[in-house]
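Okay, here's what each chain looks like letter by letter:
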Amino acid sequence: MAREEIYEKVKGVLVDALGVDEEEVTPTAVIKDDLGAESIDFLDISFRLEKAFGIKIGKGEMMPENLASDPTKVQNGMLTPVGISELKERMPRTDFSEFEKDPKVDNMSKLFTVDTIVNFVESKVGTAV
Amino acid sequence: MRWIWIDKFVEFTPRKSATAIKNVSLAEEHLHDLYPAFPIVPHSLIIEGMAQTAGILVGEARNFEEKVILAKVSRATFHRLVRPGETITFSANIEQLNEQGASIAGTVKVSGEPVADIELMFSHIDQNMAGLEFPEHNFVFTEQFTELLKTYRMNGTITL
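Residues numbered from 1 in each chain as written. Chains lettered and ligands numbered in written order. Predicted model: local features only at pLDDT ≥ 70, side-chain atom pairs only at ≥ 80, totals over all residues.

A. Seen up close, the confidence of the model for chain B. With 93% of its residues at a pLDDT of 70 or more, chain B shows a mean pLDDT of 90. Reported confidences for the modelled complex are a pTM of 0.85 and an ipTM of 0.79. (pLDDT = per-residue confidence, 0-100.)

B. A look at the sheet that holds strand S2 (residues 17-23) of chain B. Residue and element names in this part refer to chain B. Sheet architecture is open: six strands sit in the order S1-S2-S4-S5-S6-S3, paired in antiparallel fashion. The sheet is open, and its two edges are formed by strand S1 (8-13) and strand S3 (68-78), each paired on a single side. On average, adjacent strands in this sheet sit at an angle of 20° to one another, irrespective of strand direction. Note: strand S5 (residues 101-110) against strand S6 (residues 113-124), ten bridges, orientation antiparallel. Bridge assignment links Ile-104 to a residue of S6, and that residue is Leu-120. Contacts between helix H1 (residues 43-61) and the sheet are confined to S2, S3, strand S4 (87-97), S5 and S6, with S4 contributing the most and set at about 45° to the helix. (Pairing = 2+ DSSP bridges. Helix = DSSP H or I, 4+ residues; strand = E, 2+ residues; numbered from the N terminus. Axes fitted to C-alpha atoms, helices over the stretch in contact; angles between N-to-C directions. Contact = placed C-beta atoms within 7 Å.)

C. Region of the structure containing unusual backbone geometry. A positive phi angle, close to 50°, is found at Asn-76 of chain A, a residue other than glycine. Residue placement: Asn-76 of chain A occurs in the loop between strand S1 (74-75) and strand S2 (78-79). In the Ramachandran plot, Arg-15 of chain B falls in the positive-phi region, its phi being about 65° despite a non-glycine side chain. Position of Arg-15 of chain B among the secondary structure elements: in the loop between S1 and S2.

D. Seen up close, helix H1 (residues 3-18) of chain A. Residues and elements named next belong to chain A. The terminal C-alpha atoms of H1 lie 22 Å apart, and with 16 residues this matches the ideal 22 Å at 1.5 Å per residue to within 8%. For H1, the set of buried residues is Ile-6, Val-10, Val-13, Leu-14 and Ala-17. End-on view of H1: buried residues confined to an arc of 95°, all on one side of the axis. Seen from the open side of H1, the exposed residues pointing more than 90 degrees away from its buried face are Glu-4 and Glu-5. Taken from the residues just after H1, Gly-19 is the one with a positive phi, measuring 65°. (Expected span 1.5 Å × (residues − 1). Buried ≥ 20, exposed ≤ 12 C-beta atoms within 10 Å, placed from the backbone. Arc of directions from axis to C-beta.)

E. The arrangement of the interface of chain B and chain A in detail. In this assembly, eleven residues from chain B lie in contact with seven residues from chain A. Of all elements in the fold, only S3, S5 and S6 of chain B reach the threshold of two or more residues within the side of chain B that touches chain A. Sorting elements by how many residues they give to the side of chain B that touches chain A places S3 of chain B first, with three residues. Across the side of chain B that touches chain A, the residue classes break down as two nonpolar, seven polar and two charged. (Nonpolar A, V, L, I, M, F, W, Y, C, P; charged D, E, K, R; others polar.)

See the structure below:
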């Protein structure tokens, strides 16, 4: 499936799940800060992506979880180099340059943009059997 | 007052669908609070009736081991008012269900006429609110909810 096609479908999912206007959904829009998503919305988005693309999304697969409970990955509310490297592995093609300047756990949500979802779906659709 | 907005189940297919009914009586206090001299069932309580129908369906799917919380009203479109003397039918279908929660598509009708289309999201809070502590016992599914399902299941075997 072409990236453009994935992007358009993802846009539709976000419009339905978050009640935002199509114009608000841009590749760099941050899901939480710009589109106003709350925690339950991530499960809603995940369900809608599964339906739209015929894929299965496991817990923590789209948005890494449980990093904060591992002291080798998070110390004093900041991601350690080990934590950042794991995050990079789990969120390929994401721009970490801004985050690395201030790697607070609270800033992790800023990494999660519309493009992150498109990248994720692209990897899932590409590997689907 | 008991916080229960459905009277009984008339259909229950585990992990798939459930249908419940509620008979609306003029004796219910809340009908008179919205518009004086024009009693109707508030839309919020129609959503609550659907949430109870669907919530029990979602809870049963995991043997009532999860604390199932209504987390989001994704959509609620209303087509008609509900008046005293009418019977509301709540039909809920599980669209998706996983360890974290469920999404539901529901329709509400009176005498076959569409009243509302409602989509809901339920969260299994122990799976989603990591770090927050909740009481160990399942405070969501109190006896008044589980009794509804027991009554439905017993109806087939009781003969008077």
